[in-house]
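Listed here are the chains, written in short residue letters.
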Amino acid sequence: DQQVKQNSPSLSVQEGRISILNCDYTNSMFDYFLWYKKYPAEGPTFLISISSIKDKNEDGRFTVFLNKSAKHLSLHIVPSQPGDSAVYFCAASVGGDYQLIWGAGTKLIIKP
Amino acid sequence: EAQVTQNPRYLITVTGKKLTVTCSQNMNHEYMSWYRQDPGLGLRQIYYSMNVEVTDKGDVPEGYKVSRKEKRNFPLILESPSPNQTSLYFCASRLTGEVGELFFGEGSRLTVL
């Protein structure tokens, strides 16, 4: 039973437009969420995180929104750039627990 | 340069032939972990270590061993590899007390025939 789900295996977006990547979770105990980005032949790299005490966190072109009642988070990238083409993983954890639970990833393709 | 280094990056082996994937980090991180990535399943934790001589099982530890004799190194050992261990493996590290923000190696693609 996957506790963190990314239901879209892939997403194609025009350059300059907004990319929205979604993630759903089932464990209401999760209180910290992260997004990682992965290029081919490289390891994942940390992108942005959000604590459950917030509903939004911004870092430049990247914004993560958390809807605790819906157990849903989303990553918005505005504007999308060619270098954003990558696989994006969302992950969640219970505070103080060192185990991250990962989604299956969404491959984002930015079209020129 | 701060990094996590894994070796080998690519390996093809046969069932039953013991192998070790090495992992080394130069950031003085206490916490280290091994993951495997399989299509449609994301990253699943194999083993993790909170510090030297302290290791614990993750979600999918069967068929794997680890050791943590030094802070910087965390090798993954497959005593008798089987085809279902064909996967992409990642080592990661971070400071303790900081949830998330793992630093990953570049990955080791293992094929067991």
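See above for the structure.
Residues numbered from 1 in each chain as written. Chains lettered and ligands numbered in written order. Predicted model: local features only at pLDDT ≥ 70, side-chain atom pairs only at ≥ 80, totals over all residues. Heavy atoms only, no water.

**Student:** Describe the packing of aromatic side chains, with residues and values.
**Tutor:** Here the structure, examined in full by the defined rule, presents 13 aromatic pairs over all chains. With a centroid separation of 6.2 Å and an interplanar angle of 85 degrees, the aromatic rings of F90(B) and F104(B) are classed as edge-to-face. Pair noted here: F90(B) is in strand β9 (residues 87–94) and F104(B) is in strand β10 (residues 103–104), with a separation of 14 residues, a long-range link. Both residues of the pair, F90(B) and F104(B), belong to the buried class. Ring-pair connections join several aromatic residues into one group, and the members of that group are Y36(A), F46(A), F89(A), W102(A), Y35(B), F90(B) and F104(B). If you follow R68(B) out to its NZ or CZ, it ends over the ring of F74(B), 6.0 Å from the centre. When the ring centre of Y31(B) is taken as reference, the NZ or CZ atom of R94(B) above it lies at 4.3 Å. (Phe/Tyr/Trp six-rings, centres within 6.5 Å; stacked < 30°, edge-to-face > 60°. Helix = DSSP H or I, 4+ residues; strand = E, 2+ residues; numbered from the N terminus. Buried < 20%, exposed > 50% of the residue type's maximum accessible area, 1.4 Å probe, protein only. Lys NZ or Arg CZ within 6 Å of the ring centre and 35° of its normal.)

**Student:** So, the sheet that holds strand β6 (residues 56–59) of chain A: which residues are in play, and what are the values?
**Tutor:** All names here are of chain A. Ordered in space as β1-β3-β8-β7-β6, the five strands form an open sheet in which the pairing is antiparallel. Both outer strands of the open sheet, β1 (4–5) and β6, are each paired with one neighbouring strand and no more. Where β6 and strand β7 (residues 62–67) come together, four bridges link them in antiparallel fashion. Opposite E58, over in β7, you have T63 as the bridge partner. (Pairing = 2+ DSSP bridges.)

**Student:** Could you give an account of the nonpolar core, with specific residues and numbers?
**Tutor:** By size, the foremost hydrophobic cluster in this structure holds 24 residues, and its most contacted members are V4(A), F33(A), W35(A), L73(A), L75(A) and Y88(A). Among the elements of the structure, β3 (19–25), β4 (32–38), β5 (45–51), β7, β8 (72–77), β9 (86–93) and β11 (106–111) of chain A are those that each provide at least two residues to this core. The greatest single-element share of this core, amounting to four residues, is contributed by β9(A). In this structure V4(A) touches C23(A), D24(A), Y25(A), F30(A), C90(A), A92(A), I101(A), W102(A) and G103(A), once residues within four positions along its chain are discounted. Judged by nonpolar contacts, the second largest core, of 19 residues, contains L19(B), V21(B), F74(B) and L110(B). (Core = buried A, V, L, I, M, F, W, Y, C linked by side-chain atoms within 4.5 Å. Contact = heavy atoms within 4.5 Å.)

**Student:** Go over unusual backbone geometry with me, naming the residues and quoting the values.
**Tutor:** The linkage connecting V78(A) with the following residue, P79(A), adopts the cis geometry, with an omega of -15 degrees. With respect to the helices and strands, the residue P79(A) is situated in the loop between β8 and β9. Residue P8(B) follows N7(B) across a cis peptide bond; omega there is -5 degrees. With respect to the helices and strands, the residue P8(B) is situated in the loop between β1 (4–7) and β2 (10–13). Of note in this structure, A41(A) is not a glycine but carries a positive phi near 65 degrees. Along the chain, the position of A41(A) falls in the loop between β4 and β5. With relative accessibility at 48%, the residue A41(A) sits in the partly exposed group.

**Student:** Give me the state of the cysteines: which residues, what numbers.
**Tutor:** Residues and elements named next belong to chain B. Here the structure, examined in full by the defined rule, presents two disulfides over all chains. The side chain of C23 participates in a disulfide bridge whose partner is C91; the two sulfur atoms lie 1.9 Å from each other. Across the S-S bond linking C23 and C91, the dihedral sits near -75 degrees, which makes this disulfide left-handed. Here the residue C23 occupies a position in strand β3 (residues 19–25), and C91 occupies one in strand β9, the gap between them amounting to 68 residues. Here C23 and C91 have matching classes, each one buried. (Disulfide = S-S within 2.5 Å.)

**Student:** Mind laying out the layout of surface pockets, listing which residues take part and the relevant values?
**Tutor:** In this structure, the largest pocket spans a volume of roughly 340 Å³. Around the largest pocket, the lining comprises 16 residues; the ones closest to its centre are P44(A), T45(A), A2(B), V4(B) and F104(B). Of the residues belonging to the lining of the largest pocket, the class tally is seven nonpolar, five polar and four charged. (1 Å grid on protein atoms, 1.4 Å probe; cavity = no way out; pocket = protein on both sides within 12 Å on 5 of 7 lines; lining within 4 Å. Points joined across faces, edges and corners; volume = space filled by probe spheres on them. Nonpolar A, V, L, I, M, F, W, Y, C, P; charged D, E, K, R; others polar.)

**Student:** With reference to specific residues and values, describe empty space enclosed by the protein.
**Tutor:** Residues and elements named next belong to chain B. In total, this model carries one cavity of 30 Å³ or more according to the counting rule given. By volume, the largest cavity amounts to about 40 Å³. In terms of lining residues, the largest cavity is bounded by P8, R9, Y10, L11, L19, V21, S108, R109 and L110. Elements with a contribution of two residues or more to the lining of the largest cavity: β2, β3 and β11 (108–112). The leading source of residues in the lining of the largest cavity is β11, at three residues. For the lining of the largest cavity, a count of residues per class yields six nonpolar, one polar and two charged.

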